[in-house]
Amino acid sequence: MRWDQTNYPHDPSHLPTAPIAPSGFINQEDYWERQQPLTFVLIHGSWADSSFWNGIANELRKKGHTVYTPEYPGHGADPNKDVSHSMMTKSIADFIISKNLHNVILLGHSFGGTLVQKVAELVPDRLKRLVFLNAFVLNDGQNLGDELPAPVRNVFVGLAQNSKDNTIMLPFPLYRDAFANLASLELVQQMYNEISPEPAKPLLENLNLKKFYSLNIPKSYIYLTVDNALPQGEGFGWHPHMSSRLGLFRLIKGHGDHMSTVKTEPKMLAQKIYEASRD
Amino acid sequence: MRWDQTNYPHDPSHLPTAPIAPSGFINQEDYWERQQPLTFVLIHGSWADSSFWNGIANELRKKGHTVYTPEYPGHGADPNKDVSHSMMTKSIADFIISKNLHNVILLGHSFGGTLVQKVAELVPDRLKRLVFLNAFVLNDGQNLGDELPAPVRNVFVGLAQNSKDNTIMLPFPLYRDAFANLASLELVQQMYNEISPEPAKPLLENLNLKKFYSLNIPKSYIYLTVDNALPQGEGFGWHPHMSSRLGLFRLIKGHGDHMSTVKTEPKMLAQKIYEASRD
Amino acid sequence: MRWDQTNYPHDPSHLPTAPIAPSGFINQEDYWERQQPLTFVLIHGSWADSSFWNGIANELRKKGHTVYTPEYPGHGADPNKDVSHSMMTKSIADFIISKNLHNVILLGHSFGGTLVQKVAELVPDRLKRLVFLNAFVLNDGQNLGDELPAPVRNVFVGLAQNSKDNTIMLPFPLYRDAFANLASLELVQQMYNEISPEPAKPLLENLNLKKFYSLNIPKSYIYLTVDNALPQGEGFGWHPHMSSRLGLFRLIKGHGDHMSTVKTEPKMLAQKIYEASRD
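Note that the structure is a prediction, hence the values are computed from the model and not measured. (Residues numbered from 1 in each chain as written. Chains lettered and ligands numbered in written order. Predicted model: local features only at pLDDT ≥ 70, side-chain atom pairs only at ≥ 80, totals over all residues. Heavy atoms only, no water.)

In a packed pair of helices, the relevant descriptors are the angle between the two axes and the axis-to-axis distance. Residue and element names in this part refer to chain B. For the pair helix H3 (residues 85–98) and helix H4 (residues 112–122), the least separation of the axes is 9 Å and the interaxial angle reads 60°. Considered as vectors, H3 and H4 are oriented oblique to each other. Regarding H3 and H4, the two cross each other, and that crossing is right-handed. Facing H3, whose interface residues are His85, Met88, Thr89, Lys90, Ile92, Ala93 and Ile96, H4 presents Thr114, Leu115, Lys118, Val119 and Leu122. The residue inventory of the contact of H3 with H4, partitioned by class, reads seven nonpolar, three polar and two charged. (Axes fitted to C-alpha atoms, helices over the stretch in contact; angles between N-to-C directions. Helix = DSSP H or I, 4+ residues; strand = E, 2+ residues; numbered from the N terminus. Parallel < 35°, antiparallel > 145°, perpendicular 65-115°, else oblique. Left-handed = near helix turned anticlockwise from the far one by under 90°. Contact = heavy atoms within 4.5 Å. Nonpolar A, V, L, I, M, F, W, Y, C, P; charged D, E, K, R; others polar.)

Take a look at the structure:
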């Protein structure tokens, strides 16, 4: 829903009705106990696989939600690193169709934001809301690399060129200080030992996003404010730089970094995700 | 007090003295129990009436403060929506004079910031400090619409033109996601059912603010950081974009959105307001 | 370590090993009890002396760290206010050498950031990491005054010119609202009564920082988000405006102002400093 495409209903009878009998309980704790059941499809980012979501999925399921964390090509057990962006988005769209999912909350983290954008073009009628968690929101025709300052992009391109298979492995000092800044060294080492080199091609493909920007699906952006994986401010960064491209969106904020807070505070993040996703 | 108009006293004997015997207690809890008694005049914003302040006023009164929440033309029980900005500010200034108030902490929320600016011009000698709570601070000659990105301003102007009486009713999806993003749907529906269309004219009147920018009244800005009613950053937003126009000001921050946090966390906000207002 | 100078190791055997047996404990509380012992040299800013660090140094020592808070010329008991920036940095470098310190975490607050930059040039081999706490990070050839908006700089220059000895005394209203905005009036008065006029010359000296920008020492920036001593955003401010000059750095954030949070929340700040400083 974009500001300049909005055709709002004026008749209050069009209002959504509350999912739970609203006998006046405003108490947040009470409300938390009885959440509106939602169906989540969670899309991880680069240097991760679907186990990225284990803690958060577990917390969401405890509250009665249905949670899917589909793996996509080039990640997890897939030995093939020669993948394209459209292979990834087709795989996710196929997953949603094969499971016959409807009213989906489609959430992407980091690079997963670009997958959410393209999957939304493929199966818009299956989606209830798009949620971006410190995720890329690209303009039409852009690639992810366009959102990196030149020195950072050059580091990544150089790492890909020096690899045997056009992949990028994050150097440990970069991962530790810029991606997992809030974690203890022990945790960062555990996390780092589990990641694989990331296929470079999908990060540098220009994406046609004209249809995405014509879709009328509600959107939310969750901004964890201590994420320094992207430089913040002055023409770069998650919020407000990329979030503002969504037009009208629901903003949720929390204290967290790019990679480690999903491990250390899954309950807090599950609550933020619910607040971003409920009606 | 602006940076370039400042004539600071160098003689420490000019220092304000503490309102309470300062026998060395730095303990915040202890201090909170014995607050410096203040006189507040709280000015609500658009799509609200003076009941907006009920929870906060109650919390402030518990701490010994005197709190006024005057209604202004076009709002509350007033059936007349054909009002001007100067009718509103005159009404508030008259209220302050009729109650013979002095040393007033004049606080405005949202559109109420523009009322604080003009009331300060009318009764500067009655005011101890101006406090802006996620409030507009306009430049001389501006109107509120100038602070909205073009697509948002066009939505508002269109809504006014389509109304029978030059008023703007916020569409529910916009209110829910951009004005009350942190609240449960039940609470947002309760709040939405209580609001009335807002007179459009005062939002689009250019204001002469030359006198405001010559006044030497201390100022504070309270920024609730999850407010997304205005786009944040890149030339728009509450803080630092508009707050910085105040020159020297006291900054206070908290976690909250534009409309619902006054309902869900009145005690927290009353504390922030006190911290912004004390000597 | 700058993005464009980075030569990262790809071999995981080069990874640092955890300082404490990592038998899988991710629990933050548990970890906090057994911190990696570090050696800190803490450099205060303007309108302060080494007692600025008393509370924080005490908290860090409780956790087993070694903490030094050297005084530098023009501050503390030094009656001579006619000092230069290089006198200050030489004094700190001499202190580090005389104590035979190695693997130092060198941390600067505010103006102390410029001292950290130059001390790093003098004794780079002694330093394990540089930490900036709401501190200036100047570009090569800049002086601190270049980071102040013109009206603020003019106020400071005027205060220096009106002094007998080229010093600047912060006016109380400025100190109260912009430097200690979160504190009670009693605490601000206590703090203000203890400060001395600041030598103006080192604040306006252009610094040659070419060597600093060639050094490959890890860096962190701690940003206390309610600090309003510098205007925030739109081309000014601590983070991301000055922090981004560090290239790759570890970001830590907390709730605090420029001068009073060290007094009111030393334990919280000691924890933030540890998170910024550990491997």
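All right, on to the environment of A:Ile105 then. Residue and element names in this part refer to chain A. Mapping Ile105 onto the fold places it in strand E3 (residues 104–110). Classification of Ile105 as buried rests on a relative accessible area of 0%. Taking the C-alpha atoms as reference points, Ile105 and Val131, separated by 26 residues in sequence, lie 7.1 Å from one another. Not counting the four nearest positions on each side in its chain, Ile105 is found in contact with Leu38, Thr39, Phe40, Val41, Lys128, Arg129, Val131 and Ser277. (Buried < 20%, exposed > 50% of the residue type's maximum accessible area, 1.4 Å probe, protein only.)

Working note: α-helix, 3.6 residues per turn, so residues spaced by three or four point in the same direction. Compared with the 16 Å implied by 1.5 Å per residue over twelve residues, the 16 Å span of helix H10 (residues 266–277) of chain A between its first and last C-alpha is a close match. For H10(A), every residue scored as buried is listed here: A:Pro266, A:Leu269, A:Ala270, A:Lys272, A:Ile273, A:Tyr274, A:Glu275, A:Ala276 and A:Ser277. (Expected span 1.5 Å × (residues − 1).)

Turning our eyes to something else, we now look at the packing of aromatic side chains. All told, the structure shown has 30 aromatic pairs over all chains when counted by the stated rule. Each ring, one from A:Trp47 and one from A:Phe156, has its centre 5.9 Å from the other, and the planes form 50°; the classification is tilted. Here the residue A:Trp47 occupies a position in the loop between strand E1 (39–43) and helix H2 (54–62), and A:Phe156 occupies one in helix H5 (residues 150–161), the gap between them amounting to 109 residues. You can call A:Phe156 buried: its relative accessible area is 11%. Note on A:Trp47 and A:Phe179: the rings are 6.0 Å apart at their centroids and 90° apart in plane angle, and the pair reads as edge-to-face. Separated by 132 residues along the polypeptide, A:Trp47 in the loop between E1 and H2 and A:Phe179 in helix H6 (residues 172–179) bring together distant segments of the chain. A:Phe179 gets classed as buried once you look at its relative accessible area, which sits at 5%. Aromatic rings pair up to connect A:Trp47, A:Phe156, A:Phe172, A:Tyr175, A:Phe179 and A:Tyr192 into one cluster. For B:Lys219, the ring lying beneath its charged end belongs to B:Phe212, and the centroid distance is 5.7 Å. (Phe/Tyr/Trp six-rings, centres within 6.5 Å; stacked < 30°, edge-to-face > 60°. Lys NZ or Arg CZ within 6 Å of the ring centre and 35° of its normal.)

Turning our eyes to something else, we now look at the pairing of strand E1 (residues 39–43) of chain B. Residues and elements named next belong to chain B. The element E1 is largely enclosed, with a buried count of five among its five residues. Burial along E1 is two-sided: Thr39, Val41 and Ile43 and Phe40 and Leu42, pointing in opposite directions, are all buried. In the sheet, E1 pairs with strand E2 (residues 66–68) via three bridges, with the strands oriented parallel. Bridging across to E2, Val41 finds its partner in Tyr68. Handedness of the β-α-β unit built from E1, helix H2 (residues 54–62) and E2 comes out right-handed. In this structure, E1 lies alongside strand E3 (residues 104–110), joined through five bridges in parallel fashion. If you follow Phe40 over to E3, its bridge partner there is Ile105. (Pairing = 2+ DSSP bridges. Right-handed = clockwise from strand over helix to strand, strands pointing away.)

The analysis is restricted to geometry; functional conclusions fall outside its scope.
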